[in-house]
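# Working through the structure, step by step
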Amino acid sequence: MVGYWKIFVQHGPVNSLRGWGDLVRNVNAVARPVFAAASDATPADIQSDQLNAGNFIATEDDWGQRFDFNPTVYNSADEAHAAWQKFAQKRWALFKMRITTDLDPAISALSIENEQRGWLGWKQEGDPNPEVGSIPGFTGWADCEGWQAYYTALEILKDTKPWRYFAFAYSGGLPELGVWEQPGMRAYLELCAGHPDRLGVALHEYSFNDDLFNSVTWGNSSTDAVGWNIFRFKHLFDACDRMGIRWPQVHIKEFGWHERKLGPTKEITRRDLERAAEVYAQYPQIEGVALWTGARGWGDVDKQVEGLIPFMQEMALTRTWEIEEPTEPPVEPPEPPVVPPVVPPTAKIMLKNPTFEDGWTDQSMTAQEPNGWGLHIDFSGEVRGRKINGDPECVHKGIDQLPPDERPGGENELILDGFYNYKLFTSAVWRATLSQTIHDATPGAKVKLTVPVNIHFDGRGDEYDQEDTLFRVSVNHEHTDFWMLKKFDRRWVYVEAFGTVDENGVVYVELECSVKWEHHTAFFLDDLRIEYVSAPPVEQLPTDKPKIVVLKLAQEHAEGAWTSNATFAFNNFKRTITVSYEEMLTLMGAGNSDSYAIVVDPDYPSQQETIGMLKARGYKYEVQYYDLSPTP
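Residues numbered from 1 in each chain as written. Predicted model: local features only at pLDDT ≥ 70, side-chain atom pairs only at ≥ 80, totals over all residues. Heavy atoms only, no water.

For the protein, the count of helices and strands is 11 helices and 29 strands. Counting over 632 residues, the protein shows a buried share of 51%. Here the analysis covers contacts within the protein between residues at least 6 apart in sequence; of these, 76% occur between residues at least 24 apart. Per element, the accessible surface of the protein, about 29,100 Å² overall, is 51% carbon and sulfur. (Helix = DSSP H or I, 4+ residues; strand = E, 2+ residues; numbered from the N terminus. Buried < 20%, exposed > 50% of the residue type's maximum accessible area, 1.4 Å probe, protein only. Contact = heavy atoms within 4.5 Å. Areas by Shrake-Rupley, 256 points an atom, 1.4 Å probe, with all protein chains shown as cover.)

Quick look at the pattern of salt bridges now. In the structure shown here, the tally under the stated rule is 17 salt bridges. E306 is the partner of R18 in a salt bridge, and the nearest nitrogen-oxygen pair spans 2.9 Å. Of the two residues, R18 sits in the loop between β2 (7-11) and α1 (20-29) while E306 sits in helix α7 (residues 301-306), which places them 288 residues apart along the sequence. R242 serves as the salt-bridge partner of E181, at 2.5 Å between the closest nitrogen and oxygen. Here E181 is found in the loop between β4 (165-170) and α4 (183-194), whereas its partner R242 is found in helix α5 (residues 233-243), with 61 residues between them in sequence. Three or more residues joined by partner-sharing salt bridges are found here, namely D378, R431 and E512. (Salt bridge = Lys/Arg side-chain N within 4 Å of Asp/Glu carboxyl O.)

Attention now moves to unusual backbone geometry. Look at the link from L174 to P175: it is a cis peptide, with omega at 5°. A cis amide bond links W292 to the next residue, T293, at an omega of -10°. Mapping T293 onto the fold places it in the loop between β9 (286-291) and α7. For A31, which is not glycine, the phi dihedral falls at a positive 65°. Here A31 shows up in the loop between α1 and β3 (36-38). Residue class for A31 comes out exposed when judged on its relative accessible area of 68%. Even without glycine at this site, R490 takes up a positive phi of about 60°.

A separate point is the packing of helix α10 (residues 581-589) against helix α11 (residues 605-617). Where α10 contacts α11, the two axes come as close as 11 Å, and the packing angle between them is 25°. Taken as axis vectors, α10 and α11 run roughly parallel relative to one another. Crossing angle aside, the handedness with which α10 passes α11 is right-handed. Contacts between α10 and α11 pair Y581, M584, L585 and M588 from the former with S606, E609, T610, M613, L614 and R617 from the latter. (Axes fitted to C-alpha atoms, helices over the stretch in contact; angles between N-to-C directions. Parallel < 35°, antiparallel > 145°, perpendicular 65-115°, else oblique. Left-handed = near helix turned anticlockwise from the far one by under 90°.)

Per the counting criterion, the structure on display carries 28 aromatic pairs. Here F471 and F523 contribute two aromatic rings whose centre-to-centre distance is 6.3 Å and whose plane-to-plane angle is 45°, an arrangement assigned as tilted. Here F523 lies in strand β24 (residues 521-525) and F471 lies in strand β20 (residues 469-475), a separation of 52 residues in the sequence. Residue class for F523 comes out buried when judged on its relative accessible area of 0%. Taken together, the ring pairs connect F213, W218, F231, F233, F237, W247, F255, Y280 and Y283 into an aromatic cluster. A cation sits over an aromatic face here: R275 above F213, 5.4 Å from the ring centre. Taking the ring centre of F425 as reference, the NZ or CZ of K423 above it sits at 4.0 Å. (Phe/Tyr/Trp six-rings, centres within 6.5 Å; stacked < 30°, edge-to-face > 60°. Lys NZ or Arg CZ within 6 Å of the ring centre and 35° of its normal.)

For α4, with 12 residues, the first-to-last C-alpha span of 17 Å sits near the 16 Å given by 1.5 Å per residue. For α4, every residue scored as buried is listed here: G184, M185, A187, Y188, L189, L191 and C192. (Expected span 1.5 Å × (residues − 1).)

With antiparallel pairing, 5 strands are arranged side by side in an open sheet as β13-β18-β23-β20-β21. Two strands in the sheet have a free side with no partner beyond their single neighbour: β13 (374-377) and β21 (478-483). The sheet shows a mean angle of 15° between the axes of neighbouring strands, taken without regard to direction. With 7 bridges joining them, β20 and strand β23 (residues 507-515) adopt antiparallel strand pairing. From the neighbouring strand, L470 faces β23, where its bridge partner is S514. (Pairing = 2+ DSSP bridges.)

To continue, consider the sheet that holds β9. Strand order in the open sheet formed by 6 strands is β3-β2-β9-β8-β5-β4, and the pairing between neighbours is parallel. Of all the strands in the sheet, the pair left with one neighbour each is β3 and β4. Averaged over all neighbouring strand pairs, the angle between strand axes comes to 30°, with direction disregarded. Judged from the 7 bridges that link them, strand β5 (residues 199-206) and strand β8 (residues 249-256) form a sheet pairing that is parallel.

A few words now on a nonpolar patch on the surface. Taken together, the side chains of Y621, V623 and Y625 define a hydrophobic patch exposed on the protein surface, amounting to about 280 Å² of accessible area. Considering the arrangement of structural elements, one finds Y621 in strand β29 (residues 620-624). By relative accessible area, which is 31% here, Y621 ends up partly exposed. (Patch = residues over 30% accessible without salt bridge, like charges linked within 9 Å, V, L, I, M, F, W, Y side chains within 5 Å.)

Inspection of the secondary structure assignment puts K234 in helix α5. With no salt bridge to any partner, buried K234 finds its closest opposite charge in D238, at an N-O distance of 5.5 Å. Setting aside residues up to four positions removed in sequence, K234 forms contacts with T223, D224, A225, V226 and Y283. (Lys, Arg positive; Asp, Glu negative; His and termini not counted.)

Quick look at the packing of α1 against helix α8 (residues 309-318) now. Contact pair α1 / α8: the axes reach a minimum separation of 10 Å and the direction vectors enclose 5°. Our classification of the angle between α1 and α8 gives roughly parallel. Seen from α1, the contacting residues are W20, D22, L23, N26 and V27; seen from α8, they are I309, M312, Q313, A316 and L317. Considered class by class, the residues forming the contact of α1 with α8 number 7 nonpolar, 2 polar and 1 charged. (Nonpolar A, V, L, I, M, F, W, Y, C, P; charged D, E, K, R; others polar.)

Here you go:
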């Protein structure tokens, strides 16, 4: 089978590339296609001002661009899906109004999004106060993005014209690993598999380096090539293989070296384009690759691209590769589906004494064990590397023991139900656990435990906000960790954990409180609840993780300085190098307990934020200094 040249040009709203019309006519004359990606107000990719902002997240503020980090925006999955459907209808109606009447669906594809991505853990670009954390995190919003693409695609498929839709257009180096497996993403990819002639995925691939292939591992053949930047599409295909989904059609809508220049010389640029084209030619699913850019306003890169048009025409007319008949990598047949047990809608699963109203037994003068619960206090051992040196008071607090503002209805209420809450507190290094066992639940059913917790730092300084205070909620040993940060001080936070009822109908529930530093900390608990659910939110990651070492470079460097530092780091450390918060956290999360990050030039603000993120998640790190071009 023959593979053809697929690398052509990305166009913008203002460009006039000499020779482009001749290229299209001459290549079409020999029955070979030409690929052109168009951005902004151009016929093949029209986006209104409202939809051209970049990220389209369904929040409660009328789909505005400010991300809502409250994980309880929607009270139920049904409510969320209804909102996403409404959003998709509005999005498509508005977008469709801007499509020019002469656009031919047979040779055009629509990309409503462009560079859909989260900045620094899903902050708005330019936001001085980014929200960073595992809830909702990048992959949490990827689920949302996937469902929005899914419902948008359904709207487009219903249209009277056979429009094609390529979703996402993630920027170079994105999305993170793990994104494609999110439920909404999986739903969209399965829809693509069912409609390969109508739906696909758009991506961008840049090297961000004079060496186009600086992140590429080549392997033994062109089909083995995979990279973090160039050829990142392979991570999408690998994810599809793991899920047993047919590979989607893909448009590489932007491709190149830098924002404002191509390769370091004309000879290297042409050599590298030919080498990249050979890889893309191996995959019929890659419909085209658009070299950045023929648009004006990006230095003189448009002139550099214009100078390549005769070369592209020659390659498109004469360059071919022998490729294997397109067969996707074999997918292991899925295990027979596990049919979940049918839980009647009226079935209930009950905690004993969930509101701490049913009395207690005194373990000691300062430890009250709530009826229905087991209380365990550690008197020895360590908490995250520090020896336990005290035991907490674990007691019930009644309304009459609280000031007016902490009573029900008060500004700082600490009782959510009834007349009591449960308080664990002291000024020491400590750990205490509440637990109970529920019997006679439905074997194999999924359950969700929700635990409201209100933690008081009581004047503690910011330096203890990262890894000091942990509240862990477990259901049959599947746990969720909530790390207390300064911004959550004296607020009710609803921590959820999911688990599976064992074959004997038993559910074991455990609530662990631990504090690393000798500063006064109080946990208040009240109004817990457990319920049957259809499925846990995210499949658990495998436990056989490799050791990973990541070099995180500062974001403050200018392009030249960053390139010098990256080259220095590569030559001296031979480790994965990134400037991205998201990529660093994704890699660290995939590593085992021996993994660590190297934070380069830690005095920069972005690196201080990096250290905070690593601490908040309990990741190891070390610092290195070799700043080659310090900021004035």
